[in-house]
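Below are the chains, spelled out letter by letter.
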Amino acid sequence: MLKYIVSGQKPSAPNNDIDAIEDIVAKIKNRKEVIDEYMRQWDRELSIKRETKEEDALNTIRFGREDGLPDETIHNLLNKTYKFSDQMINDLFAKVDSEQAMTTK
């Protein structure tokens, strides 16, 4: 039973307890409210990951410029590291540019 709980692997010999647990889990997973809540949670986590990646990329631009790296080098690094499109990277550069313009006023 413990091996099944940890790994999800069913033993080769039939086990009524494991079958009963699988039935309960399947019924719960198929309930609409469970599916809806799972999808909302998945969407929240995806959004957090996306925001974190964008903030990391913005910091890469900021620090790269502070270290004197050419924008092209930073652009290539972002493309390689985060697999962002050229448009996304250009938008990130524009955001950093607008931040810098605000702080120099």
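Treat the numbers as computed from the prediction; the structure is a model and nothing was measured.

Reading guide: rules and limits
- Residues numbered from 1 in each chain as written.
- Predicted model: local features only at pLDDT ≥ 70, side-chain atom pairs only at ≥ 80, totals over all residues.
- Heavy atoms only, no water.
- Helix = DSSP H or I, 4+ residues; strand = E, 2+ residues; numbered from the N terminus.
- Rg over C-alpha atoms; globule rule 2.2 N^0.38 Å.
- Buried < 20%, exposed > 50% of the residue type's maximum accessible area, 1.4 Å probe, protein only.
- Contact = heavy atoms within 4.5 Å.
- Salt bridge = Lys/Arg side-chain N within 4 Å of Asp/Glu carboxyl O.
- Core = buried A, V, L, I, M, F, W, Y, C linked by side-chain atoms within 4.5 Å.

Participant: Explanation requested: the overall build of the chain in the structure shown.
Facilitator: Looking only at helices and strands, the chain has five helices and zero strands in total. Reading the chain from its N terminus to its C terminus gives the helix and strand order α-α-α-α-α. Taking 2.2 N^0.38 as the reference for a compact globule, 105 residues should give roughly 13 Å; the C-alpha atoms of the chain span a radius of gyration of 24 Å, well beyond that estimate. Expressed along its principal axes, the backbone C-alpha trace of the chain runs to roughly 70 × 30 × 20 Å. Here the chain holds 105 residues, and the buried ones make up 15% of them.

Participant: Help me understand unusual backbone geometry in this model?
Facilitator: Phi is positive for Lys-83, close to 60°, though the residue is something other than glycine. Structurally, Lys-83 is set in the loop between α4 (71-82) and α5 (86-103). For Lys-83, a relative accessible area of 65% corresponds to the exposed category.

Participant: How do you make sense of the side chain of Arg-62 when you look at a structure like this?
Facilitator: Among the structural elements, Arg-62 can be located in helix α3 (residues 32-66). Overall, Arg-62 belongs to the buried group, its relative accessible area being 19%. Residues within four places of Arg-62 in sequence aside, it is in contact with Glu-55, Val-96 and Glu-99.

Participant: Hey, could you run me through the environment of Thr-81 in this one?
Facilitator: Along the polypeptide, Thr-81 turns up in helix α4. Given a relative accessible area of 47%, Thr-81 falls into the partly exposed group. Between the C-alpha atoms of Thr-81 and Lys-53, which are 28 residues apart in sequence, the distance is 9.9 Å.

Participant: Just checking my understanding: could you explain the pattern of salt bridges for this structure?
Facilitator: Pairing between side chains of opposite charge can happen when the charged atoms of each approach one another. One pass over the structure, following the stated rule, counts ten salt bridges. Residue Lys-10 pairs with Glu-22 through a salt bridge whose shortest N-O separation is 3.1 Å. Here Lys-10, found in the loop between α1 (2-7) and α2 (16-29), pairs with Glu-22, found in helix α2; they are twelve residues apart in sequence, far enough to count as distant. The shortest N-O distance in the salt bridge between Glu-99 and Arg-62 comes to 2.8 Å. Of this pair, Glu-99 sits in helix α5 while Arg-62 sits in helix α3, placing them 37 residues apart in sequence. Taken together, the salt bridges that share partners define one network made up of Lys-10, Asp-19 and Glu-22.

Participant: Honestly, the environment of Asp-56 in this entry has me stumped. Any pointers?
Facilitator: The residue Asp-56 is located in helix α3 in this model. Taking the C-alpha atoms as reference points, Asp-56 and Gly-68, separated by twelve residues in sequence, lie 18 Å from one another.

Participant: What is the right way to look at the nonpolar core in this model?
Facilitator: Nonpolar side chains tend to gather and get buried jointly when the protein is soluble and globular. Among the nonpolar cores identified, the biggest contains eleven residues, and these are Ala-57, Leu-58, Ile-61, Ile-74, Leu-78, Tyr-82, Phe-84, Ile-89, Leu-92, Phe-93 and Val-96. When residues of this core are traced back to their parent elements, those giving at least two are α3, α4 and α5. The contact partners of Ile-74, leaving out residues within four places of it in the chain, are Thr-60, Ile-61, Gly-64, Arg-65, Leu-69 and Phe-93.

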